[in-house]
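One-letter residues, chain by chain:
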Amino acid sequence: MKVRIKAFARFREIIGSENTLELHNGTSVLGALKSLSAGSKDFRDACFDKEGNVASHVVLMINGKRISGSDRDAVELDEGDELAVFPPVAGG
Amino acid sequence: MIRLQQDDFEVGKIIEEAKSSGSGAIVTFIGIVRDDGIEGMELEAYHDVAERELISIREEAMKEFPLHSVDIIHRTGPLRVGDNIVLIVVSAGHRKEAFLGCEYVIDRLKQTVPIWKKEYLKDDERWVEGEHGPRPAT
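On a predicted model such as this, the values are computed, not experimentally measured, just so you know.

Thoughts on the sheet that holds strand S1 (residues 2–5) of chain B
All names here are of chain B.
Then, number 1: If you trace the 4 strands from one edge of the open sheet to the other, you get S1-S4-S6-S2, paired in mixed fashion. Bordering the open sheet on either side are S1 and strand S2 (25–32), each of which pairs with just one other strand. Between one strand axis and the next, the sheet turns by 10° as a mean value, whatever way the strands run.
Then, number 2: Pairing geometry for S2 and strand S6 (residues 84–92), over 8 bridges, is antiparallel. Considered in S6, the bridge of Phe-29 is made with Ile-88.
Then, number 3: Packing against the sheet, helix H1 (residues 11–18) makes contact with S2, strand S4 (67–75) and S6, and its axis sits at approximately 20° to S6.
Then, number 4: Most of the contacts of helix H3 (residues 95–112) go to S6, to which it runs at about 145°, and overall it touches S2, S4 and S6.

Observations regarding the packing of helix H2 (residues 47–64) of chain B against H3(B)
Residue and element names in this part refer to chain B.
Then, number 1: At a minimum axis distance of 10 Å, the contact between H2 and H3 shows a crossing angle of 145°. Considering the relative orientation of H2 and H3, their crossing is right-handed. Touching Glu-53, Ile-57, Glu-60, Ala-61 and Glu-64 of H2 are Gly-101, Tyr-104, Val-105, Arg-108, Leu-109 and Thr-112, all from H3.
Then, number 2: Class assignment for the residues of the contact of H2 with H3 results in 5 nonpolar, 2 polar and 4 charged.

A closer look at the environment of A:Glu22
Then, number 1: One can find A:Glu22 in strand S2 (residues 18–22).
Then, number 2: Sequence separation between A:Glu22 and A:Cys47 is 25 residues; the distance between their C-alpha atoms is 20 Å.

What about the nonpolar core?
Then, number 1: Residues A:Leu83, A:Val85, B:Val90 and B:Val105 are the most contacted members of the largest nonpolar core, which totals 56 residues.
Then, number 2: Ranked by residue count, the leading element in this core is S6(B), at 7 residues.
Then, number 3: A:Leu83 has contacts with A:Val3, A:Ile5, A:Val29, A:Ala32, A:Leu60, A:Ile62 and A:Leu77, leaving out every residue within four places of it along the chain.

Overview of the interface of chain A and chain B
Then, number 1: Taken residue by residue, the interface counts 17 residues in chain A and 26 residues in chain B.
Then, number 2: Counting only elements with at least two residues in the side of chain A that touches chain B, the list comes to strand S3 (59–62) and strand S5 (82–86) of chain A.
Then, number 3: Of the residues that constitute the side of chain A that touches chain B, the class distribution is 10 nonpolar, 5 polar and 2 charged.

Considering the pairing of S4(B)
Each regular strand displays side chains that alternate between the two surfaces of the sheet.
All names here are of chain B.
Then, number 1: Within S4, 8 of the 9 residues are buried, which leaves it mostly tucked inside the rest of the structure.
Then, number 2: Where S1 meets S4, 4 bridges bridge the pair, whose relative direction is parallel. Its bridge partner lying in S4, Gln-5 is registered against Arg-75.
Then, number 3: Bridge count for S4 against S6 is 7 bridges, and the pairing is antiparallel. Across the sheet, Leu-67 pairs through a bridge with Ala-92, a residue of S6.

Quick notes on the rules
Residues numbered from 1 in each chain as written. Chains lettered and ligands numbered in written order. Predicted model: local features only at pLDDT ≥ 70, side-chain atom pairs only at ≥ 80, totals over all residues. Pairing = 2+ DSSP bridges. Helix = DSSP H or I, 4+ residues; strand = E, 2+ residues; numbered from the N terminus. Axes fitted to C-alpha atoms, helices over the stretch in contact; angles between N-to-C directions. Contact = placed C-beta atoms within 7 Å. Left-handed = near helix turned anticlockwise from the far one by under 90°. Nonpolar A, V, L, I, M, F, W, Y, C, P; charged D, E, K, R; others polar. Core = buried A, V, L, I, M, F, W, Y, C linked by C-beta atoms within 7 Å. Buried ≥ 20, exposed ≤ 12 C-beta atoms within 10 Å, placed from the backbone.

Here's what the structure looks like:
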């Protein structure tokens, strides 16, 4: 399946604003982010904590909706999903 | 009016448009680029989602307080010190709810709307840290 990854702010600077990943059906958010980080140590450092979990300050959205909770990175992605990854917002 | 745009906004015009026969108070908030030793900044947004969240914030504010209208315009792109960043215009029958509504809108905007600022210094650049952790709209 194909999943689009949109990145903003410091994450965009590392991996670019948009990537399309070809993933196995049922791949989780964690799996998608690990797939991206395989090619970028900077992204891995920015996105994951020392235990290999998605760092708590990283904001995640699927199709424009925030996903939260301790198991948020276990959410499975579907064909055509747009996963957004970014730091805490700073508008206003 | 809810809008993300690169261009500056016409404050007076938007205030005039917010007036209605029942309006007794209009409170306006304008966020501007402060000189923190910077030369300018660039604002980046997750455009579609940011506009949708601004619409949600307006709906929340109008549900929470007896407001007549809420307008929010947020700029993106390159800005210099002194430039306008965001305009919030809240009209209501009385001042108290207009002040409360306006404060509610800017506080929620800073918590949830996916917009980021990168500041440019003479020989450096830095991302502005978000004031709040991620908190979903309620």
